[in-house]
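# Architecture at a glance
So the chains spell out like this:
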Amino acid sequence: FYISTHYKADMIQKHFGSGSNLGVTIEYVHEEYPLGTAGGLGLLPDNITDLPLIIMNGDLLTKVDFTELLRFHELKGGDATMCVRKYDFQVPYGVIEEKNGQITSINEKPVHKFFVNAGIYVINPIMLKDIDGVDYLDMPQFLERKIESHSQINMFPMHEYWLDIGQISQLDRAHKDIEKGLV
């Protein structure tokens with residue numbers, strides 16, 4: 001495992017250590033200044049691996065099946081795979097359609113459905129060559145550039161438990177979900 005750190009790096013390293021107590025090996029990549037969700041990948045060693053890399057935002061709690069995710073990535077044969085979640089947004093009012101100032105229809109409290117970025121990715125290591133480790137770069141921005149240059153970026157719809165715990169309210173929800181045995 002590689003953990004990219006910046007803010008409170010010492011605290012993170014102290015907590016996880018070398019990973020030996022977890023049965024894994026952890027190495028740290030320190031960002032002198034924030035590089036974004038993709039920029040820090042440019043600090044990884046050049047000879048890291050020939051296998052696909054799983055990249056995950058550090059403020060996620062999930063039960064995604066990483067074996068299935070990797071199998072999916074290999075099966076689809078793309079350059080990268082982004083995990084996505086369905087997200088429904090209900091407009092709390094009636095939405096009016098009009099033409100020339102006259103109402104043509106009223107759609108009462110419609111629900112719009114989207115796929116949203118879940119903050120978990122698989123990328124082929126060859127893609128790391130395009131990240132310099134100097135400039136700020138978020139993963140969606142990086143993948144958007146790749147799409148524009150005709151790279152194949154697949155989406156993996158997640159159905160497992162997933163929660164962004166980057167806000168206190170969501171962290172509180174995570175504690176409740178853990179107590180309920182959902183995680």
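Before any of the text, the structure's been laid out above.
Computed from a predicted structure; not experimentally measured.

This paragraph deals with the nonpolar core. Membership of the largest hydrophobic core comes to 18 residues, with the highest contact counts inside it found for Leu41, Ile123, Met139, Phe142 and Leu143. Looking at this core, the elements with two or more residues in it are strand S3 (53–56), strand S5 (80–90), strand S8 (111–123) and helix H4 (139–148). The residues contacting Leu41, other than those within four sequence positions of it, are Ile55, Ile123, Leu128, Ile131 and Met139. Core analysis: the next-biggest nonpolar cluster, separate from the first, contains 11 residues, Phe72, Ala118, Ile120 and Met158 among them.

Turning to a nonpolar patch on the surface, a few remarks are in order. There is a patch of nonpolar side chains on the surface, built from Tyr87, Phe89 and Phe114 and spanning about 320 Å² of accessible area. Mapped onto the elements, Tyr87 comes out in strand S5. Under the relative-accessibility criterion, Tyr87 is labelled partly exposed at 44%.

Now for the environment of Ile26. Within the fold, Ile26 resides in the loop between helix H1 (9–16) and strand S2 (27–30). For the pair Ile26 and Phe1, spaced 25 residues apart in the sequence, the C-alpha separation amounts to 4.7 Å. Beyond its immediate sequence surroundings of up to four residues, Ile26 is in contact with Phe1, Ile3, Phe16, Gly17, Ser18 and Gly19.

Our focus in this paragraph is the packing of aromatic side chains. Tallied over the entire structure, the rule returns one aromatic pair. Ring geometry for Phe72 against Phe156: centres 5.0 Å apart, planes inclined by 65°, an arrangement best described as edge-to-face. Remark: Phe156 occurs in strand S9 (residues 153–157) and Phe72 occurs in helix H3 (residues 66–76); sequence separation between them is 84 residues.

Rules of the game
Residues numbered from 1 in each chain as written. Predicted model: local features only at pLDDT ≥ 70, side-chain atom pairs only at ≥ 80, totals over all residues. Heavy atoms only, no water. Core = buried A, V, L, I, M, F, W, Y, C linked by side-chain atoms within 4.5 Å. Buried < 20%, exposed > 50% of the residue type's maximum accessible area, 1.4 Å probe, protein only. Helix = DSSP H or I, 4+ residues; strand = E, 2+ residues; numbered from the N terminus. Contact = heavy atoms within 4.5 Å. Patch = residues over 30% accessible without salt bridge, like charges linked within 9 Å, V, L, I, M, F, W, Y side chains within 5 Å. Areas by Shrake-Rupley, 256 points an atom, 1.4 Å probe, with all protein chains shown as cover. Salt bridge = Lys/Arg side-chain N within 4 Å of Asp/Glu carboxyl O. Phe/Tyr/Trp six-rings, centres within 6.5 Å; stacked < 30°, edge-to-face > 60°.

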